[in-house]
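# Examining the three-dimensional arrangement
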Amino acid sequence: MTAIDTENRTAVARTDLDAVAAVAAAARRAFAVTVASTAAERATWLGAVADALDASATELIALADDETRLGTPRLTGELARTTAQLRLFASAVVEGSHLEATIDHPDPQATPPRPDLRRMLRPLGPVAVFSASNFPFAFSVAGGDTASALAAGCPVIVKGHSAHPRLSARTAEVVATALAGAGAPEGVFGHVTGRERGVALVQHPEIRAVGFTGSLHGGRALFDLAQGRPDPIPFYGELSAVNPVLITRAALDARADELAAGLAGSFTLGAGQFCTNPGVVLVPAGVDFAERVAAAVGSSAPVPMLTDGIAAAFAEGLAGLTAHDGVTVVAGETTQQPGTGSAVVLATTTDAVIADPSALLAECFGPSTLIVEYADVESALAAVRAVGGSLTATVHAEPGEELGDIVAVLTEVAGRVLFAGWPTGVAVSWAQQHGGPWPSTTSIHTSVGVTAMRRFLRPVAYQDAPDAALPPELRDENVLGIPRRIDGVLTVP
Ligand code: NAP
C-alpha cells in the first residue's frame, strides 16, 4: 500500500512539473513578443478579453453561481466590474504615465558630470497569478492581477482556485480565445489547476513574479517558496486584514442608529467574505452601540459560505473569540451550522485587546464584527496600533471635529484611510490603494487600480544610448505623446 502511494505521488509530481514546464516555456516565448508590443496592441488585447467576457456573461454567471452560491445580482455586478477593469487598463497603458518615462540630457558642467540618462519601467516577464475564492471574476482568472500583468506587457499563467474549477476553466477558454483572436502571441495566457502545479509555478525559473489573494497561511507558504528560490522573485500577496473602524463620541451622539445600520450592512455583506470586512470597531464606552448593531442586523439566517474550508475557519475563529474571558456575545449563534455563516456581534474593551492582541485581533473571515469599547481616544489608538497592518482604516467623526492623532495613526496601519463610509466597496480607479503593511499585503503596492501594474514592471536606465536603440517612449521625438519628465520638468503633451 505504501509503495503504491509513493508511486502515485511520484507520478503526480512528474505530470505537474511537465504541465507547468510546458506552459511556462510558452509564456517565455510569448514574452519575446509582449516585451516589444505597443501599448495600442495591448489595449486591443485587453479590450477583446473584456468584450468576450461580456458576450459570455449569461453562461459564466450561471457557472459562477452554481459553484460559489454568491447569487446572480452580485455576480452580474462583479463581472461588469471585471470587464470595466480590463478596459481601464487598456486606456491607461495608452496614456503612458505609468511608465515614468524620464529623460536627463547630458550636463558636463554638473558635479559629477552627467551623461545622457533615460529611464522608464519595463515588463518583468511571465507572471503567476493565484486567483481568490471570494471574487470568482474580479480577483480570479481574468481579474485585476491578470489584467494588470497583461497591461504591463507580461504573459500570465493563472493557478485557478479549487473553489470554482469549472468557472475557471471556462473563463480561461474565453480569455485565451479572445487574446488569440486579437493577435496576441500564443502562450501569452495559460491556466493550470491543482495545488502541486501552483507550487511548481512559483518555483519555475521562467516565472518572474507572483500575484496572490488568499489566506495568511497559504500566502506565507508560497511567499517563502518565492523568496527561497535560488533567484528570489517578488511575491505580491494580499493575505489578511482586520480593517479597524474608529467612531468618535461626537459621531455616535449625532447618529448612532445610522452608524449601526451602516456597520450591519458592511460586515454581513457577502456573508462577510470580503478582505475589507470591518472586523474591529472602536466606540466610546458606556453607550449601547453593540446592541444597536445587533438590532440593525435583526434575525440572521445562516448563509452558505464559499467553501467548507472557509466556513470551518470562520467557526474556528468564532469559537476562539467567544471562549475568551474578555469577550461578550451580543447577538448571533456561537455554534455555526456546517458550511454556513450567520451574523455574530461580539463586544470587548481596549484593555482586553491590548492585553491579548493575537487572540482578539486576528482576521475572522466571515460575518462577524468585534465592537471594542474605549475610555479615551489614546486607548482607542493604542488598540488600532495593536491591530497592525490592514487594507483599510476608517474614522467616523462629526464635520469640523478636531481629529488629533487619529489620521496619523490610521495612516500608519492601513493603505486606505476612509472618512465616514464603510470599507467593503473597493473602487477600481487611478488613485486606488488596495494594500497595506504586513499582514494585509507582502509588498507596498496595490492590487487594485491602475498602479497595480507597477508590480510587474522594473525600472531600466539607458545611458548615452543612440536614439534608434531606445524604446520609442524615450526617443527624442515623443511620437507616442506620453507624459515625460525632461530635465526635471514634467511635460504633458
Ligand atoms: P487559500 O487557502 O490561501 O487559497 C488560495 C490559493 O492558494 C489557492 O489556489 C490554494 O490552492 C493555494 N494554497 C493555499 N495554501 C497553500 C499552500 N500551503 N501551498 C500551496 N498553495 C496553497 O485561500 P482561500 O481558500 O481563498 O480562503 C481561505 C482563507 O483565506 C479564508 O478563510 C480567509 O481567512 C482568507 N482569505 C483572505 C482573502 C483576502 O483578500 N485577504 C481572500 C480570500 C480568503 P487550492 O485551490 O488547492 O486550495
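### Brief notes about the overall build of the protein
- The helix and strand tally for the protein stands at 15 helices and 19 strands.
- Taken over the C-alpha trace, the protein has a radius of gyration of 24 Å; the compact-globule value for 493 residues is 23 Å, and the two agree within 12%.
- Considering only C-alpha atoms, the protein reaches an extent of 70 × 70 × 45 Å along its principal axes.
- Taken over 493 residues, the protein has a buried fraction of 52%.
- At a minimum sequence separation of 6, the contacts of the protein that also span at least 24 residues come to 75%.
- For the protein, the accessible area works out to roughly 20300 Å², and carbon and sulfur atoms hold 57% of it.

### Observations regarding the site of the ligand
- Around the ligand sit 23 residues in total, of which Ser133, Lys159, Ser162, Ser215 and Cys275 are the nearest.
- In the model, an oxygen atom of the ligand is placed 2.6 Å from a nitrogen or oxygen of the serine 215 side chain.
- Within the side chain of glutamate 238, one N or O atom sits 2.8 Å away from an oxygen atom of the ligand.
- Taken together, the elements giving at least two residues each to the shell around the ligand come down to α7 (195-203), β6 (209-213), α8 (216-228) and α11 (308-322).
- Within the shell around the ligand, the residues separate by chemical class into ten nonpolar, nine polar and four charged.
- Lining the shell around the ligand are residues from two domains, each supplying at least three of them: domain 1 (2-239 + 442-457) and domain 2 (245-418).

### A closer look at the pairing of strand β15 (residues 390-396)
- The element β15 is extensively covered by neighbouring structure, given that seven of its seven residues are classed as buried.
- By the bridge criterion, five bridges tie β15 to strand β16 (residues 414-419) in an arrangement that is parallel. Looking at the pairing, threonine 392 lines up with arginine 416 of β16.
- Handedness of the crossover is the feature at issue here: the chain leaves β15, passes through helix α15 (residues 406-413), returns alongside β16, and the resulting connection is right-handed.

### As for helix α2 (residues 39-55)
- The terminal C-alpha atoms of α2, which comprises 17 residues, lie 24 Å apart, in line with the 24 Å expected from a rise of 1.5 Å per residue.
- Among the residues of α2, those classed as buried are Ala39, Arg42, Ala43, Trp45, Leu46, Gly47, Val49, Ala50, Ala52 and Leu53.

### Remarks on the sheet that holds strand β17 (residues 457-463)
- Read from one edge to the other, the open sheet built from five strands follows the order β17-β2-β1-β18-β19, with strand pairing classed as mixed. The sheet is open, and its two borders are formed by β17 and β19 (489-491), each paired with just one other strand. Each strand of the sheet is rotated relative to its neighbour by a mean of 25°, with strand direction disregarded.

### Focus on the pattern of salt bridges
- Counted according to the given criterion, the structure contains 21 salt bridges.
- Between glutamate 412 and arginine 385 there is a salt bridge whose closest N-O contact spans 3.0 Å. Placement of glutamate 412 in helix α15 and of arginine 385 in helix α14 (residues 377-387) is noted, with a sequence separation of 27 residues between them.
- Three or more residues are tied together by salt bridges with common partners; here these are Asp51, Asp54 and Arg87.

### Looking at the sheet that holds strand β9 (residues 280-284)
- The strand order across the open sheet built from seven strands is β11-β13-β14-β9-β8-β15-β16, with neighbouring strands paired in mixed fashion. Every other strand in the sheet has two partners, leaving β11 (328-331) and β16 as the edge strands with one partner each. Strand-to-strand twist across the sheet, computed as the mean angle between neighbouring axes with direction ignored, equals 25°.
- By the bridge criterion, two bridges tie strand β8 (residues 245-247) to β9 in an arrangement that is parallel. Bridge pairing links valine 245 to valine 281 in β9.
- Relative to strand β14 (residues 368-374), helix α9 (residues 249-268) is tilted by about 165°, and along the sheet it contacts β8, β9, β13 (344-349), β14 and β15.

### Describing the pairing of strand β5 (residues 189-192)
- Judged from the four bridges that link them, strand β4 (residues 156-159) and β5 form a sheet pairing that is parallel. Pairing of valine 158 across the sheet is with histidine 191, part of β5.
- Taking the sense of rotation as the criterion, the β-α-β connection linking β4, helix α6 (residues 165-181) and β5 turns out right-handed.

### Description of α6
- In this model α6 runs 24 Å from its N-terminal to its C-terminal C-alpha over 17 residues, within 8% of the 24 Å that 1.5 Å per residue would give.
- Every buried residue of α6 is accounted for by Leu167, Ser168, Thr171, Ala172, Val174, Val175, Ala178 and Leu179. Each buried residue of α6 sits inside an arc of 165° when the element is viewed along its axis, so together they form one side. In α6, the exposed positions angled more than 90 degrees off the buried face are occupied by Thr177, Ala180 and Gly181.
- Turning to α6, the residues buried within the fold contact α2, α3 (57-68), α5 (144-152) and β5.
- At the exit of α6 stands glycine 183, carrying a positive phi of roughly 90°.

### Quick notes on the side chain of threonine 350
- One can find threonine 350 in helix α12 (residues 350-355).
- With residues near it in sequence (within four places) discarded, threonine 350 still touches Leu282, Val372, Glu373, Tyr374, Ser379, Ala380 and Ala383.

### Comments concerning the domain arrangement of the protein
- In terms of domain boundaries, the protein breaks down into domain 1 (2-239 + 442-457) and domain 2 (245-418).
- The gap between the C-alpha centroids of domain 1 and domain 2 is 33 Å.
- Facing the ten residues of domain 1 at the interface are eleven residues of domain 2.
- Area buried by domain 1 at its contact with domain 2 is led by Arg69, Asn134 and Glu238, which between them contribute 48% of it.
- Counting across the interface, domain 1 meets domain 2 through zero salt bridges.
- Where domain 1 packs against domain 2, one counts two residue pairs in polar contact (both at pLDDT 80 or more).

### As for the environment of glycine 198
- Inspection of the secondary structure assignment puts glycine 198 in helix α7.
- In this structure glycine 198 comes out as buried when scored by relative accessible area, which is 1%.
- Separated by 40 residues in sequence, glycine 198 and valine 158 place their C-alpha atoms 8.7 Å apart.
- In contact with glycine 198, other than residues within four places in its own chain, are Phe130 and Lys159.

The rules behind each value
- Residues numbered from 1 in each chain as written.
- Predicted model: local features only at pLDDT ≥ 70, side-chain atom pairs only at ≥ 80, totals over all residues.
- Heavy atoms only, no water.
- Helix = DSSP H or I, 4+ residues; strand = E, 2+ residues; numbered from the N terminus.
- Rg over C-alpha atoms; globule rule 2.2 N^0.38 Å.
- Buried < 20%, exposed > 50% of the residue type's maximum accessible area, 1.4 Å probe, protein only.
- Contact = heavy atoms within 4.5 Å.
- Areas by Shrake-Rupley, 256 points an atom, 1.4 Å probe, with all protein chains shown as cover.
- Near = heavy atom within 4 Å.
- Polar contact = N/O pair within 3.5 Å; in protein donor to acceptor, adjacent residues only side chain to side chain.
- Nonpolar A, V, L, I, M, F, W, Y, C, P; charged D, E, K, R; others polar.
- Domains from an automatic or database assignment.
- Pairing = 2+ DSSP bridges.
- Right-handed = clockwise from strand over helix to strand, strands pointing away.
- Expected span 1.5 Å × (residues − 1).
- Axes fitted to C-alpha atoms, helices over the stretch in contact; angles between N-to-C directions.
- Salt bridge = Lys/Arg side-chain N within 4 Å of Asp/Glu carboxyl O.
- Arc of directions from axis to C-beta.
- Buried area = accessible area lost by both parts, 1.4 Å probe.

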